[in-house]
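Next come the chains, spelled out residue by residue.
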Amino acid sequence: MQSNRIVLIGLLFLLAVPASMWAQRGRNNSMVSGRVVSTDKQVVDFATVYLKGTTLGTSTDAQGVYHLSAPAGNYTLVVSAIGFEPTEKAVELVAGERTKLSLTLTPKVEKLAEVTVSAGGVDRVKNSAFNAVAVDARALHNTTQTLSEALTKVPGVKLRESGGVGSDVNLSIDGFTGRHVKLFIDGVPQEGVGASFGLNNIPVNYAERIEVYRGVVPVGFGTDALGGVINIVTNKSRRQWFADASYSYGSFNTHRSYVNFGQTFKNGLTYELNAFQNYSDNSYYIDTYVEHFSADGTTSMREDEIEHVRRFHDTYHNEAVSGKIGVVDRTWADRLMLGFTYAHSYKEIQNGVVQSVVFGGKFRRGHSLMPSLEYCKRNLFTRGLDVALTVNYNDNLTQNVDTSSYHYNWLGQKKYMARQGEQGYQDSEFKNTSWNGTLTATYHLGEAHTFVLNHVLNDMERKSRADATSAISDYTVPKQTRKNITGLSYRLMPSDRWNVSVFGKYYNQLNTGTVSANADHIGSYQESRTRTSTFGYGAAGTYFILKELQAKLSYEKAYRLPTSDELFGDDDLEMGAIDLKPENSDNLNLNLSYSHKFGHHSLYVEGAVVYRNTKDYIRRLTDKYSGNKQYASYINHGQVVTKGFNLSARYTYSDWLSLGGTFNSMDAINKERYIPATGEESPTYNVRMPNQPYMYANADLSLFWRECLAKDNTLSLTYDNFYVHAFPLYWENLGAASTKKRVPEQLAHNLSLTYSVKGGRYNFSVECKNFTNERLYDNFSLQKAGRAFYGKVRVYFSK
């Protein structure tokens, strides 16, 4: 740890000399600053701003603000952004003075449904040294996609589902899955918010864009992610009033609806309301082995016969409403908002952690209450100091019910048992209460230097109640985890051609709960307390080799602290392990990207190489048994090395064709050579980690017919596919070839057709997912839905 501190101090010292030189240079320059907005007064973020005939330029931030330094003189300022007509304006810069110049951009086509997005909805965040992309969600608002589905076209991202609507979802980024990837909404961590606000439940209309940071993560997020960060960015632009409503219906009796409306008054008072719901019977067919019941009470199952059966106990629904009220654009606050969110969910549980375990009466329900506070102010107390503060409280109650006296098979038949409980009698509830606080202070010293200080506090406590004992939990002992993560970074950006950042992070976690005294880690629970305190560090840089060719390199010594689910389980099917150690990893990323426009043609190509050396890797297993009951559990696995690459390409022609795709190869290899308990060499050393997709790809084609049948109407047709190479369910080198279980190779095809009327005011969509009706599998061979049809109607008004 001492050596880590020395390395970080050395990096900061090496940058101190050039930093002072650039500060001196900045005093001899003049500056032009301002805000860029659209004709409807919405902020235009990430717009390109440069002085014509020079190499001097910058981009607007999330509030549409830009600052650009240059020698004194007369220039032509040029501003351009995706989907807008470029604009030019003469400007005179006076030595040592700041000139204010705000500009308004005119949309190329003023139609909501025709947002022009480079790379088919994936826009490169170019000036960042971190490996990041932004998905423009506005282009997907007429589809029935959720936020998780919208991410599947991002290079390195793989969506893993355990079933239909409301099922467990894990997003994999460059081979890191699930809890290695952290979720934020407008920069606020979403730990402990409950299943209703999972990525697979939030409609894509909720977001304006989705930012994905792969691998090394900026200090501003204050997180302990190893794989990356997903940040959902909502529309915070100032609008007089707006209303957005949609409803969709589809296969398996699936209903989804969404309403969003709000208003901002001239005095800065603003309010906004979001509400959405999801409902589905999830009654799709699967192919599986079936246990048969005989009249004499005996059961039998043929291992050589797979039957086509319908899921019968998998209904899911959730409802959520979120309201905010506050003020914007005041002298003492750019934005001050009070919010409140309520969410409710109900889920019938059809099967266990593997598909062979069938339930017919087991279910789970819960609700969440989440008040929140948001404050941000640019130039607080002094010019260049920006502060953002968020605080939220989550009160989340979950109830697990398993009281049926019947044993079910996949035909929906049931057989009476002499006991209650299919998995084990249970009528329990656990209440998670958590506080999340985030403070970010950013200080801009001139144009070239930026310092960021971030601190995140997360405090979660679980209290449980049950009228029966559990093999995997002690309900009488409260469980608590408290995390503090502090980060400090410095960025040197002397020009738009290159910039470099160095950063350090301090991690602290305190856990209290129970640990089993038995060898099989089940039963005989004792109270326990664990504490973690450690430092991480890293650096990131980017350089434009040519105007259209960019390189990015980043490294981080990162830590991921165990989550509450890994520490405490779910008091139902998942066992916790409070003695888990934090994962620590050396992460290295190299990225090259090239973009070129010629006439009506546009081409974008990107490639990335990834290396991760992870120690104390937290691995999920499904081999824990208590009697005849099977549970999932978590352990620290000594060392896992991930190596891989991803490629992506996109071609567009004018505003009527877009064609592209991604290819990803990520190998996670077991590097734990010796078995800790015996010291013997592990038979799985240098073997690929099981149950992880390691090769996957996607491609898509979109066609647009502008002015279809009438002015301001657009017809669009999109085809996309997703491919996953076969991967082993268990260790691929163990057992006979004839008995090895593998998740088979899969290729899914989807089609969607959208017709937008009056510039996107009225929208009608139809979709067919998996139209070739392929057998699709994911986590532990849990089968997903076959061919499905959906329709959606959406209306949008704004002023």
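Numbering of residues starts from 1 in each chain and follows the order in which that chain's sequence is written. Local features in this predicted model are restricted to residues of pLDDT 70 or higher, and side-chain atom pairs are both shown and tallied only at a pLDDT of 80 or more, whereas totals for entire chains, interfaces and linings draw on every residue. To get the side-chain values, all heavy atoms of the structure are used, and hydrogens and water are removed first.

1. So, the overall build of the chain
The numbering of helices and of strands both runs from the N terminus, where a helix is a DSSP run of H or I of at least 4 residues and a strand a run of E of at least 2. Each helix and strand counted, the chain has three helices and 47 strands in total. Relative accessible area decides the class of each residue, using a 1.4 Å probe on protein chains only: under 20% of the type maximum gives buried, over 50% gives exposed, and in between gives partly exposed. Burial analysis of the chain (799 residues in total) assigns 54% to the buried set. All accessible-area figures derive from a Shrake-Rupley calculation using a 1.4 Å probe, and residue coverage is judged against the displayed protein chains alone. In the form shown here, the chain has an accessible surface area of approximately 34300 Å², with 57% of it arising from carbon and sulfur atoms.

2. Here's the deal with the nonpolar core
In plain words, nonpolar cores are sets of buried Ala, Val, Leu, Ile, Met, Phe, Trp, Tyr and Cys residues tied together by side-chain atoms within 4.5 Å. Within the largest apolar cluster, 30 residues are counted, with the highest numbers of intra-cluster contacts made by Leu 147, Leu 151, Phe 197, Ile 210, Ile 230 and Ile 232. Those elements giving two or more residues to this core turn out to be strand S11 (132–136), helix H2 (147–150), strand S12 (157–161), strand S13 (169–173), strand S14 (181–185), strand S16 (209–214) and strand S17 (228–233). Only heavy atoms matter for contacts: two residues are in contact if any of them lie within 4.5 Å across the pair. Apart from the residues lying within four places of it in its own chain, the contact partners of Ile 232 are Leu 147, Leu 183, Phe 184, Ile 185, Asp 186, Leu 199, Tyr 206, Ala 207, Arg 209 and Ile 210. By size, the runner-up hydrophobic cluster in this structure holds 19 residues, among which are Ala 47, Leu 68, Tyr 75 and Val 91.

3. Comments concerning the side chain of Ser 554
Position of Ser 554 among the secondary structure elements: in strand S36 (residues 549–560). When its relative accessible area of 4% is taken as the criterion, Ser 554 is described as buried. Residue contacts for Ser 554: discarding those within four places in its chain leaves Val 216, Ala 539, Ala 540, Asn 587, Leu 588 and Asn 589.

4. Notes on the packing of aromatic side chains
Between 30 and 60 degrees the pair is tilted, below 30 it is stacked and above 60 it is edge-to-face, where a pair is any two Phe, Tyr or Trp rings, Trp via its six-membered ring, whose centres lie within 6.5 Å. Counted under the stated rule, the structure contains 15 aromatic pairs. With a centroid separation of 5.6 Å and an interplanar angle of 35 degrees, the aromatic rings of Tyr 346 and Phe 363 are classed as tilted. Of this pair, Tyr 346 sits in strand S26 (residues 333–348) while Phe 363 is found in strand S27 (residues 363–377), placing the two residues 17 residues apart along the sequence. On the basis of relative accessible area, Phe 363 is assigned to the buried category, the value being 16%.

5. Quick notes on the side chain of Asn 613
One can find Asn 613 in strand S38 (residues 601–626). Relative accessible area serves as the criterion here: at 12%, Asn 613 is assigned to the buried category. Not counting chain neighbours up to four residues away, the residues in contact with Asn 613 comprise Asn 584, Ser 585, Asp 586, Gln 639, Val 640 and Val 641.

6. A closer look at the pairing of S12
The buried fraction of S12 amounts to five of the five residues, a majority that puts the element mostly inside the structure. Because side chains alternate across S12, one face comprises the buried residues Val 157, Leu 159 and Glu 161, and the other comprises Lys 158 and Arg 160, equally buried. Only strands that DSSP links by at least two bridges are regarded as paired with each other. Note: S12 against S13, five bridges, orientation antiparallel. Across the sheet, Arg 160 pairs through a bridge with Asn 170, a residue of S13.

7. Let's talk about the pairing of strand S19 (residues 254–264)
Where burial is concerned, the two faces of S19 differ: the one with Thr 254, Arg 256, Tyr 258, Asn 260, Gly 262 and Thr 264 is buried and the one with His 255, Ser 257, Val 259, Phe 261 and Gln 263 is not. Relative to S19, strand S18 (residues 241–250) runs antiparallel, the two being bridged by ten bridges. Counterpart to Tyr 247 in the pairing with S19 is Ser 257. Between S18 and the antiparallel strand that follows it, S19, lie three residues; Phe 252 among them carries a positive phi value of about 65 degrees. Hairpin connection, S19 to strand S20 (residues 269–280): the antiparallel pair is bridged by four residues, and Gly 268 has positive phi, about 95 degrees.

8. Notes on the sheet that holds strand S2 (residues 48–51)
Read from one edge of the open sheet, four strands run S3-S2-S5-S7, paired in antiparallel fashion. In this open sheet, the two edge strands, each paired with only one partner strand, are strand S3 (57–59) and strand S7 (87–93). Strand-to-strand, the axes of this sheet are offset by a mean angle of 25 degrees, without reference to chain direction. In terms of strand pairing, S2 meets S3 through three bridges, oriented antiparallel. When the sheet's bridge partners are listed, Val 49 is paired in S3 with Thr 58. Axis angles are defined between N-to-C directions and span 0 to 180 degrees, where every axis is a line fitted to C-alpha atoms and, for a helix, only to the segment in contact.

9. What to know about the pattern of salt bridges
Oppositely charged side chains can form a pair if their charged atoms are brought close together. Just to be clear on terms, a salt bridge is a Lys or Arg side-chain nitrogen sitting within 4 Å of an Asp or Glu carboxyl oxygen. Under the definition given, this model contains 22 salt bridges. Between Asp 395 and Lys 431 there is a salt bridge whose closest N-O contact spans 3.6 Å. In this pair, Asp 395 is assigned in strand S28 (residues 385–402) and Lys 431 in strand S31 (residues 426–445), connecting sequence segments 36 residues apart. When its relative accessible area of 15% is taken as the criterion, Asp 395 is described as buried.

10. With respect to a nonpolar patch on the surface
In this analysis, a patch consists of residues with relative accessible area above 30% that form no salt bridge, clustered at 9 Å for like charges and at 5 Å for the nonpolar side chains Val, Leu, Ile, Met, Phe, Trp and Tyr. Nonpolar side chains collect at one region of the surface, where Trp 656, Leu 659, Leu 701, Leu 703, Leu 717, Leu 751, Leu 753 and Val 766 lie side by side and expose about 630 Å² of accessible area between them. Going through the elements one at a time, strand S41 (695–706) and strand S45 (746–757) are the ones with two or more residues in the nonpolar patch. Examined against the element boundaries, Leu 751 turns out to sit in strand S45. Look at Leu 751 and you get partly exposed, because its relative accessible area is 36%.

11. Looking at unusual backbone geometry
Although it is not a glycine, Asn 253 sits at a positive phi angle of roughly 55 degrees. Turning to its location among the elements, Asn 253 is positioned in the loop between S18 and S19. The backbone of Glu 707 shows a phi angle near 55 degrees, a positive value even though the residue is not glycine. Secondary-structure assignment places Glu 707 in the loop between S41 and strand S42 (714–724). Judged by its relative accessible area of 38%, Glu 707 is partly exposed.

12. So, the environment of Val 353
Secondary-structure assignment places Val 353 in the loop between S26 and S27. Its relative accessible area of 10% is what places Val 353 among the buried residues. Considering only alpha carbons, one finds Val 353 and Leu 782, 429 residues apart in sequence, at a separation of 8.6 Å.

13. Here we look at the environment of Asn 379
Inspection of the secondary structure puts Asn 379 in the loop between S27 and S28. On the basis of relative accessible area, Asn 379 is assigned to the partly exposed category, the value being 35%. Measuring from C-alpha to C-alpha, the distance between Asn 379 and His 444 comes to 9.5 Å, with 65 residues separating the pair along the chain. Filtering out sequence-adjacent residues up to four positions away, Asn 379 remains in contact with Gly 384, Leu 385 and Asp 386. In terms of polar contacts, Asn 379 uses its side chain to reach the backbone amide nitrogen of Gly 384, at 2.7 Å. Contacts described as polar in this section are N or O atom pairs within 3.5 Å, which, within protein, must combine one atom able to donate a hydrogen with one able to accept it, while residues neighboring in sequence count only if both atoms come from side chains.

14. Quick look at the confidence of the model for the chain
Scored from 0 to 100, pLDDT reflects the predictor's confidence in each residue. With 86% of its residues at a pLDDT of 70 or more, the chain has an overall mean of 82. This model gives residues 109–124 a pLDDT under 50, and the stretch forms 46 contacts once residues within four places in sequence are excluded.

15. Brief notes about the environment of Gln 550
By the secondary structure assignment, Gln 550 is in strand S36. Judged by its relative accessible area of 2%, Gln 550 falls in the buried class. Note: C-alpha distance between Gln 550 and Leu 592 (42 residues apart in sequence) is 5.7 Å. A polar contact of 2.7 Å, which involves the side chain of Gln 550, links it to the side chain of Thr 542.

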